[in-house]
Amino acid sequence: MKEILLGKSPSELKETVLRLGLPAFTAKQLANWLYVKREFDFSRMTDISKAGRELLAEECETGIVLPQESLTSRDGTRKYLFPVEGGAVEAVVIPDGDRRTLCVSSQVGCKMGCAFCMTGRQGFHGNLTPAQILSQFLAIEEAPQLTNAVFMGMGEPLDNFDNVSRAIEALTASWGFAWSPKRITLSTIGVLPRLRQYLDESKCHLAVSLHNPFPEERLQMMPVQKAWPLEDVLSLIRKYDFTGQRRVSFEYTMFGGFNDDKRHADALIRLLSGLECRVNLIRFHKIPDFPYESSPDKVMEEFRDRLNAHGVTCTIRASRGEDIFAACGLLAGKHNN
Ligand code: SF4
């Protein structure tokens, strides 16, 4: 099998080129072609000797995965479908003024089994490699215009932490995309051991899927509550500083009649009191065989206002790409789900 280069750091690329008998400086040239110039055809890497390029093409592959199709929403949101072993994954580009945010997938399906999520219903079919994660950034038409990324697509990123952190390294390192960590947010349901590692090792933002302040009710929708209770996740988060550049936010999908009354708002206020954070309320998009619908707009507005009045910053997230099944919770790796 050929060695895949995308996702490797310059020091790892150096090991590869030395093994092939190429000069050490070829590693830097390769990193520059892959991450800065975004060139994936060895024959066009013109500052590498012709023999070197031929050898690289024989022994290695860049690992770039091209999307097999894309769909554009009425609101400009664009969903790309990438073929991977075990199925397909989706990446969504969300335009908003000057911003172009990429919603990135980290796994094929997901193990976590949240009751309200189409990805969770697929079951788990594998982890994406660093090359497959980075391809979502590199192989789309909007690649040069991307301003931000959220690891909020298919899968639980902290359940594929090694590969996700390698991709984040390539995105933030000076030899890679050289993005500020402030441009990246990782969203998790709270995989506690990896969350600690993420908070220690990275400076990127954090979003936590909260959805219910009451443990027994949260457990009904999110099996993770049993292994890693929200209270433990919050005690960990409270140990880190979110008063400066790094931000923490909490995602709260509104299910009508389930988690949207005053009791929930007040419990949420108590739970988050004193923590510098933001709560994003998300409209729920109805999925088959699931009993709840989204809370009405008025209920969402009252919930938001109650939180804000008690010092918890809260906004209602605009829903994007609903008509192409690109909105939150709807990614399932098929264009006709
Ligand atoms: Fe997995 Fe996230 Fe869906 Fe839960 S909401 S099943 S963690 S993809």
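Keep in mind that what you see is a predicted model, and the values were worked out from it rather than measured.

A.B. asks: Explain the overall build of the protein to me, please; I cannot follow it from the model alone.
C.D. replies: On a plain count of helices and strands, the protein comes out with twelve helices and 14 strands. Expected size for 337 residues packed as a compact globule is a radius of gyration near 20 Å; at 21 Å, the protein falls within 12% of this value. Along the first, second and third principal axes, the C-alpha set of the protein runs to 70 × 45 × 35 Å. Looking at the protein residue by residue over its 337 residues, the buried ones come to 53%. Long-range pairs, those at least 24 residues apart, make up 66% of the contacts in the protein with a sequence separation of at least 6.

A.B. asks: Would you mind going over unusual backbone geometry with me for this structure?
C.D. replies: For residues besides glycine, phi is generally negative; the peptide bonds are generally trans as well. In the Ramachandran plot, Ala178 falls in the positive-phi region, its phi being about 55 degrees despite a non-glycine side chain. Mapping Ala178 onto the fold places it in the loop between α6 (161–172) and β10 (184–188). Here the phi dihedral of Asp289 falls at roughly 55 degrees; this positive angle occurs in a residue that is not glycine. Its location among the elements puts Asp289 in the loop between β13 (278–283) and α12 (297–309).

A.B. asks: I tried to follow the pattern of salt bridges on my own but got confused; where do I start?
C.D. replies: A pair can form between side chains of opposite charge whenever their charged atoms are brought close. Evaluation of the coordinates by the stated rule reveals 17 salt bridges. Arg263 is the partner of Glu217 in a salt bridge, and the nearest nitrogen-oxygen pair spans 2.9 Å. With Glu217 in helix α8 (residues 215–221) and Arg263 in helix α11 (residues 262–272), the pair connects residues that are 46 residues apart, well separated along the chain. A residue is classified by how much of its surface remains accessible, and Arg263, at 45% relative accessible area, is partly exposed. The partner of Asp297 in a salt bridge is Arg283, with the nearest N and O atoms 3.2 Å apart. On the criterion of sequence distance, the pair formed by Asp297 in helix α12 and Arg283 in strand β13 is long-range, its members being 14 residues apart. For Arg283, a relative accessible area of 27% corresponds to the partly exposed category. Here the residues in one salt-bridge network are Glu3, Lys8 and Arg19, joined through shared partners.

Cut-off values and rules
Residues numbered from 1 in each chain as written. Predicted model: local features only at pLDDT ≥ 70, side-chain atom pairs only at ≥ 80, totals over all residues. Heavy atoms only, no water. Helix = DSSP H or I, 4+ residues; strand = E, 2+ residues; numbered from the N terminus. Rg over C-alpha atoms; globule rule 2.2 N^0.38 Å. Buried < 20%, exposed > 50% of the residue type's maximum accessible area, 1.4 Å probe, protein only. Contact = heavy atoms within 4.5 Å. Salt bridge = Lys/Arg side-chain N within 4 Å of Asp/Glu carboxyl O.

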